[in-house]
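Each chain is listed here by its residues.
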Amino acid sequence: MRADLTLPHHRLPSAGLDELTCGEGGPATVDLLLAAERSRRLLLLRMLDDATDLGPAWNLLSAAQRRAPEAVDELLMYPQTGMWLANALRGLRGGAPQDGPPLWVLLGHVSSVAAAAALRAELDFSIEVPMRHGRVPLPTLGCAELPATEPWTTATVRGAAGRAVVLAPGAEVAVPTPPEAPAPGWHPLRRLTVGPANHRLDLALDDVDPYRTYPRPTEPRPLSEEATEQWRRLLERAWAVLLDEQPRTAEAMRRGLLSLTPGPARERFRPRSVTAGDAFGGIESSDPDDHVQLAVTLIHEFQHTKLGGLLHLTPLLTQDTTDAPELWYAPWRDDPRPLDGLMQGIYAFVGIARFWRTHRLASGAATPMAHFEFALWRAHVTTALRQVHRHERLTPVGAQLLDRLYALCTRWLDEPVPDSPLALARMCAADHATRWRSHHLRPPEPAVAEATRAWLSGAPTPPRSLAATPVVATDESARWLDTLAVLTRHRLSGEDTEKAAATVTGALRADALLAAGEAEAAQEAYTAHLLTTPDHPTAWAGLSQSLALTGTSPTAAHFLRHHPERARAVFRSLTSATGTPPDPIRLATWLAP
């Protein structure tokens, strides 16, 4: 690379900033983010060279850049190159995972990058590269597989006139020409190209680069041809949806989405997807349920990508100077989140709400499920925004972003949604919040003890001390707080929720009854569950929803929805003191005043 390289000073014009702070961003804005990211990658590479003296790898990269600058730029901008650079610099500071590869393998990956660059530039070269469990990845090209007796060793890559071989003791793998072709001992990096000629999406389906998984690397896991074709079909249909319903976003994705890392399937309606700020343009995704879920995943993670690019140009928050960070309710998570993490989620799920807002009005897509998803996500995002959109740590750009997103979401709340999916969405939103409170909020222990004594003495009302603001204390056991929403999706798909509950981790029979609309039976089941399992935190949420639907005790229903942590704490204390749990509904009614 050029030692005297002068990098531009990057500024985001007001039009681009306006787009991004509204949760959007067209092709030109994404191009500006990419240009800034290129400069950042070059700086990180220079920092790595200054810290370690990359030697032959640096010289080979420099020669490749002189011969084929566009090819080297493409390699530099590949998401996995950014992820590796960040991991390498963290490793030098002592931040490498203890169960990962040794530091020399992590740092030596620069030689694999250099070999790939030299091969693409058709240079004559020879360089030693790390071999990981018998595999030698060449970024953006593929991965050679050779016999190995040690998990971490080296191989040699030699190239001449655009052809290369990977050599290890007693073994040799020829890199095919072109590298996209399969060959003995060679797993090519596959590419997926979908869409019409003038609106094509072209990205890598990366199953071989060790830095394709975020934030920690994993070894290559090549897909079968059948699995690759299934991903291509799903992406084709997802891309058609995005082109038809969100064409401007799709055009921006054509520039800003560079690689897709496939992962194993998850439970239905519980996909997993990941991006990383260091891997601009890369997405890791579980095998989706269908093409619509994949379209949502692309929208979701592209939002993270854009926000990550913005954060590399300007901060959204001032430094937190407190001893312990504030933790907040994130309606899409099981755990409390710090402010920066909550902002990431808000930005991503604004994109999801916008997708469902458009999709539910598209021809043939106006289903109860689509209306439900729009109503649910607009409610979730608005709830999150109401907590923090005027937070004192926001920079001017951060304040502008949250103010605009809050105004957008509040406008969406006024848009009509059919009664049935709207009611289901409201129930699921309230249920998630109540489950979260049951797990993570703690009333003062002296107040709980005082309330226990008051109940046992026959006092007509609980002590005022119980109304003190609870503290947020992360409960590591909190899992599957989206259970009611998942069961509701099964219902809206025409399935029997009790049968579906057997496949939904964390689901109680009472949850299935509530999702099916059988409120009286659900109320009885939740009550019975609490009496036999007094420490179960999330049953209080279901009990509050079933009470509201049956009208049995509006006072208890309202109290449990807003203060389940008080009921849970006093219920546990009473059960411990007497050996017998009290009636949950009677206790909630007593606690309500």
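Residues numbered from 1 in each chain as written. Predicted model: local features only at pLDDT ≥ 70, side-chain atom pairs only at ≥ 80, totals over all residues. Heavy atoms only, no water.

### Some words on the overall build of the chain
Then, in step 1: Scanning the chain from N- to C-terminus turns up 22 helices and 14 strands.
Then, in step 2: A compact globule built from 593 residues should have a C-alpha radius of gyration of about 25 Å, and the chain, at 27 Å, falls within 12% of that.
Then, in step 3: Principal-axis analysis of the C-alpha atoms places the extent of the chain at approximately 90 × 50 × 50 Å.
Then, in step 4: Partitioning the intrachain contacts of the chain with sequence separation of at least 6 by distance along the chain shows that 69% fall at a separation of at least 24.
Then, in step 5: Carbon and sulfur atoms form 52% of the exposed surface of the chain, whose accessible area is close to 25100 Å². (Helix = DSSP H or I, 4+ residues; strand = E, 2+ residues; numbered from the N terminus. Rg over C-alpha atoms; globule rule 2.2 N^0.38 Å. Contact = heavy atoms within 4.5 Å. Areas by Shrake-Rupley, 256 points an atom, 1.4 Å probe, with all protein chains shown as cover.)

### Overview of the environment of Arg 386
Then, in step 1: Position of Arg 386 relative to the elements: it lies in helix α11 (residues 368-388).
Then, in step 2: Setting aside anything within four residues of it in sequence, one finds Arg 386 in contact with Tyr 406 and Leu 413.

### Comments concerning unusual backbone geometry
Then, in step 1: The amide bond that connects Thr 177 to the next residue, Pro 178, takes the cis arrangement and shows omega of 0°.
Then, in step 2: Structurally, Pro 178 can be placed in the loop between β6 (171-175) and β7 (186-188).
Then, in step 3: The omega angle of the peptide bond from Tyr 214 to Pro 215 is 0°, so this bond is cis rather than trans.
Then, in step 4: Tracing the backbone shows Pro 215 in the loop between β9 (201-205) and α7 (225-245).
Then, in step 5: The phi torsion at Asp 53 lies on the positive side, around 60°, for a residue other than glycine.
Then, in step 6: According to the relative accessible area criterion, Asp 53 is exposed, its value standing at 58%. (Buried < 20%, exposed > 50% of the residue type's maximum accessible area, 1.4 Å probe, protein only.)

### Some points on helix α14 (residues 445-456)
Then, in step 1: Taking 1.5 Å as the rise per residue, α14 with 12 residues should run 16 Å; its terminal C-alpha atoms sit 17 Å apart, in good agreement.
Then, in step 2: Three or more residues of α14 are buried, namely Ala 447, Val 448, Ala 451, Thr 452, Ala 454 and Trp 455. Buried positions in α14, seen along its axis, are confined to an arc of 165° and lie on one side of it. When the buried face of α14 is taken as reference, the exposed residues oriented beyond 90 degrees from it are Glu 445, Pro 446 and Arg 453. (Expected span 1.5 Å × (residues − 1). Arc of directions from axis to C-beta.)

### Re the sheet that holds strand β11 (residues 273-274)
Then, in step 1: Read across the open sheet, the 5 strands follow the order β8-β9-β10-β12-β11; overall the sheet is mixed. What marks the edges here is a single partner per strand, and that holds for β8 (190-194) and β11. (Pairing = 2+ DSSP bridges.)

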